[in-house]
Amino acid sequence: VQLVDEMLSLAPKDRQPSRGAVAGFASEFTSALIGKDLNGAYVATLQRCIADVLSDSGTNQKPAKLLRDALTAMGVTASRIPNIITRFIAMGEEVRGPDDTGVTPLRFKK
């Protein structure tokens, strides 16, 4: 509950993600970190990823990639990472919507 409250406090007051989305991520995230060596550099990276995805600017994919890389480096089981990242991106999408991916123009043959 404390982690969820702390994470919600990072999001803009007018664009808060749902408590359920944050709680789902927090549950998956913390259970994956049990027994892992959380040195200062990893903790700082994890904090930055969470703060970035809950901010009202930027992309969802950039902090998600950084989080994926950190979890992998920390030895989180590869099968757990996709679900954590999916929940992480869902939080970001609730704050600022989905990432704007470029559209490739259609080319018609003559």
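Residues numbered from 1 in each chain as written. Predicted model: local features only at pLDDT ≥ 70, side-chain atom pairs only at ≥ 80, totals over all residues. Heavy atoms only, no water.

1. What about the side chain of asparagine 60?
Move 1: For asparagine 60, the position within the fold is in the loop between helix H3 (40-54) and helix H4 (61-73).
Move 2: In this structure the side chain of asparagine 60 is engaged in a polar contact, spanning 3.2 Å, whose partner is the side chain of arginine 96. (Helix = DSSP H or I, 4+ residues; strand = E, 2+ residues; numbered from the N terminus. Polar contact = N/O pair within 3.5 Å; in protein donor to acceptor, adjacent residues only side chain to side chain.)

2. Focus on helix H1 (residues 2-10)
Move 1: What H1 keeps buried is the set Val4, Met7 and Leu8. Buried positions in H1, seen along its axis, are confined to an arc of 100 degrees and lie on one side of it.
Move 2: Taken together, the buried residues of H1 touch helix H2 (19-33), H3 and helix H5 (81-96). (Buried < 20%, exposed > 50% of the residue type's maximum accessible area, 1.4 Å probe, protein only. Arc of directions from axis to C-beta. Contact = heavy atoms within 4.5 Å.)

3. Points about H4
Move 1: Over its 13 residues, H4 runs 18 Å from end to end, which matches the ideal 18 Å to within 8%, given 1.5 Å per residue.
Move 2: Those residues of H4 not exposed but buried are Pro63, Ala64, Leu67, Ala70 and Leu71. Buried positions in H4, seen along its axis, are confined to an arc of 125 degrees and lie on one side of it.
Move 3: Summarising the contacts, the buried residues of H4 are in contact with H2, H3 and H5.
Move 4: Looking at the residues trailing H4, positive phi occurs at glycine 75, about 90 degrees. (Expected span 1.5 Å × (residues − 1).)

4. Points about the packing of aromatic side chains
Move 1: Enumeration according to the criterion identifies two aromatic pairs in this entry.
Move 2: Ring plane angle 20 degrees and centroid distance 5.0 Å describe the contact between phenylalanine 25 and phenylalanine 29, whose orientation is recorded as stacked. Taken as a pair, phenylalanine 25 and phenylalanine 29 lie in helix H2 at a separation of four residues, close to a single helical turn.
Move 3: Judged by its relative accessible area of 0%, phenylalanine 25 falls in the buried class.
Move 4: On the basis of relative accessibility, which here comes to 6%, the residue phenylalanine 29 falls in the buried class.
Move 5: Here phenylalanine 25 and phenylalanine 88 contribute two aromatic rings whose centre-to-centre distance is 5.5 Å and whose plane-to-plane angle is 50 degrees, an arrangement assigned as tilted. Note that phenylalanine 25 is positioned in helix H2 and phenylalanine 88 in helix H5, a separation of 63 residues in sequence. In this structure, phenylalanine 25 and phenylalanine 88 share a single accessibility class: buried.
Move 6: What links up through ring pairs into an aromatic cluster is the set Phe25, Phe29 and Phe88. (Phe/Tyr/Trp six-rings, centres within 6.5 Å; stacked < 30°, edge-to-face > 60°.)

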